[in-house]
Amino acid sequence: MDADAKAILNTVTTWLVDNLALGQENSWVLSVFVVILTTSIVALFVKKFFFKLAQQLLRTRNVWDDLLVEAARRPAVMLVWVLGGSWAIDIIDAKTGTVLLDIIDPLRKVAVIVLIGWFLVRFVKRAETALIDPQGIDTSMDETTVSAIGKLIRLALVVTIALVVLQSFGYSISGVLAFGGIGGLAVGFAAKDLLANFFGGLMIYLDRPFKVGDWVRSPDQNIEGTVEDIGWRLTRIRTFDQRPLYVPNATFTSISVENPSRMKNRRIYETVGVRYCDVTRIQAIVSDVKTMLQNHPEIDTRQTLIVNLNQFSPSSLDFFVYTFTKTTNWVKYHEVKQDVLLQIMAIVEGHDAEVAFPTQTLHVEGVSQAQALSLERADIQQ
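Parameters at a glance
Residues numbered from 1 in each chain as written. Predicted model: local features only at pLDDT ≥ 70, side-chain atom pairs only at ≥ 80, totals over all residues. Heavy atoms only, no water. Helix = DSSP H or I, 4+ residues; strand = E, 2+ residues; numbered from the N terminus. Expected span 1.5 Å × (residues − 1). Buried < 20%, exposed > 50% of the residue type's maximum accessible area, 1.4 Å probe, protein only. Arc of directions from axis to C-beta. Contact = heavy atoms within 4.5 Å. Polar contact = N/O pair within 3.5 Å; in protein donor to acceptor, adjacent residues only side chain to side chain. Salt bridge = Lys/Arg side-chain N within 4 Å of Asp/Glu carboxyl O. Axes fitted to C-alpha atoms, helices over the stretch in contact; angles between N-to-C directions. Left-handed = near helix turned anticlockwise from the far one by under 90°. Nonpolar A, V, L, I, M, F, W, Y, C, P; charged D, E, K, R; others polar. Core = buried A, V, L, I, M, F, W, Y, C linked by side-chain atoms within 4.5 Å. Pairing = 2+ DSSP bridges.

### Some points on helix α9 (residues 330-350)
Between the first and last C-alpha of α9 there are 30 Å, a value that for 21 residues agrees with the 30 Å anticipated at 1.5 Å per step. All buried positions along α9 are accounted for by Tyr333, Val336, Lys337, Val340, Ile344, Ile347 and Val348. One side of α9 holds all its buried residues, which, seen down the axis, span an arc of 115°. In α9, those exposed residues whose orientation departs by more than 90 degrees from the buried face are Val331, Gln338, Leu342, Glu349 and Gly350. The inward-facing, buried residues of α9 contact β5 (266-274), α8 (282-295) and β7 (317-325). Looking at where α9 begins, the residue whose side-chain oxygen comes 3.1 Å from the main-chain nitrogen of Val331 is Asn329. Where α9 ends, the next residue or the one after it, Asp352, has phi of about 55°, a positive value.

So this is what it looks like as structure tokens:
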């Protein structure tokens, strides 16, 4: 026998010894005590039962039974106390002629309804957590979708429970709904920003331009970072300097949003200039650079790959490189880009050419080479 059962037994023994001489007129007190005692024992038994059952179900691979038992544990214990307490009050009302029953009967119905709703809300919340948890239930739904569905179900449950409770107290649901329709107009005007954010969040859940964990940015506003949470009013974004940014959901209905997390490739687009004196080598350089990119293990050759002489700049012959990496990771992309640029420089140098930098060459007609050299030296000295 555990400590709880011993404590209950000692209490019962002490009370019976002190109250056996009450007489027939106060026998209802003993009945009430027996009901409360029975309720305590049953509540203790239910608590132990759910604990043992949860321990047994942890050994199975099915997650849903664990969620069901965990969600029902506390509401079941509370249900026992509600039923036992209302039974004791029925006895008191019958023996003393009070009007407690007129109050307790609807309260008992409401308590049962609330406990059932509490169980359903707890079950939905735990199911949502299990679906999001990588070690929970395998599902093809992402975290944002699961969170949206969970919030909608819980909201529907709360509204339904509230309507049933009002019906239990004798209020007409149709009248409440009619009042809600009329009052909703006033509330809508007073809380239009709140409703705009609510429907903005709903559109995010339905259209799914981004989800939790995505890197997003807006060219229209100074918004860029990783999405941490999508609520019904605000979306929390963690910027790259680790500051939280709270954006009202209505904002996303009027701005453009980029989602770099959904890129399939990252682009390398660079222009390389070669000296004009290396004009005879430019074709070979361009050909070797293109071959290098086609054989590079980190370049996606299924995408557009262009290496061509592009223009005659004032001090260089420019060819451009247009290609895409396989990786979309920001850090690895820059490592691949660095490797590509270094290999391009090695190819240029391998053809005895040089990468150009801004220079000017002055040609003076009618001046001998010695005079031109002396003029150049004088210009340098100045």
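### What about the pattern of salt bridges?
Applying the stated criterion across every chain, the model contains 14 salt bridges. Salt-bridge contacts for Glu258 lead to Arg217; the nearest nitrogen and oxygen are separated by 2.7 Å. Note that Glu258 is positioned in the loop between β4 (244-248) and β5 and Arg217 in strand β1 (residues 215-218), a separation of 41 residues in sequence. A relative accessible area of 33% places Arg217 in the partly exposed class. Residue Asp300 pairs with Arg302 through a salt bridge whose shortest N-O separation is 3.1 Å. Through salt bridges with shared partners, one network takes in Arg275, Asp278, Arg281 and Glu354.

### Comments concerning the packing of α8 against α9
At a minimum axis distance of 10 Å, the contact between α8 and α9 shows a crossing angle of 145°. Relative to α9, α8 is oriented so that their crossing is right-handed. Between α8 and α9, the residues in contact are Ile285, Asp288, Val289, Met292 and Leu293 and Val340, Gln343, Ile344, Ile347 and Val348, respectively. Classifying every residue of the contact of α8 with α9 gives eight nonpolar, one polar and one charged.

### Thoughts on the nonpolar core
One finds Val289, Leu293, Phe319, Val340 and Ile344 to be the most contacted residues of the largest nonpolar core, which totals 21 residues. Among the secondary structure elements, those contributing two or more residues to this core are β5, α8, β7 and α9. In contact with Val289, not counting residues within four places along its chain, are Val307, Phe319, Val321, Ile344 and Ile347. Core analysis: the next-biggest nonpolar cluster, separate from the first, contains 13 residues, Val216, Ile223, Val227 and Phe252 among them.

### A few points about the sheet that holds β5
One open sheet accounts for three strands, arranged β5-β7-β6; its pairing is antiparallel. Edge positions in the sheet fall to β5 and β6 (306-312), since each of these pairs with one other strand and no more. Ignoring which end each strand starts from, the neighbouring axes of this sheet average 20° apart. Across nine bridges, β5 lies against β7 in antiparallel orientation. Residue pairing across strands places Val274 opposite Leu317, the latter belonging to β7. Strands in contact with α9 are β5 and β7; relative to β5, the strand with the most contacts, it is inclined by about 25°.

### Here's the deal with the side chain of Thr239
Along the chain, Thr239 falls in the loop between β3 (234-238) and β4. Once residues within four sequence positions are removed from consideration, Thr239 is found in contact with Glu224, Gly225 and Leu245.

### Here we look at the pairing of β1
As paired elements, β1 and strand β2 (residues 223-230) share four bridges and run antiparallel to each other. Its bridge partner lying in β2, Val216 is registered against Gly225. Hairpin connection of β1 to β2: four residues between the antiparallel strands.

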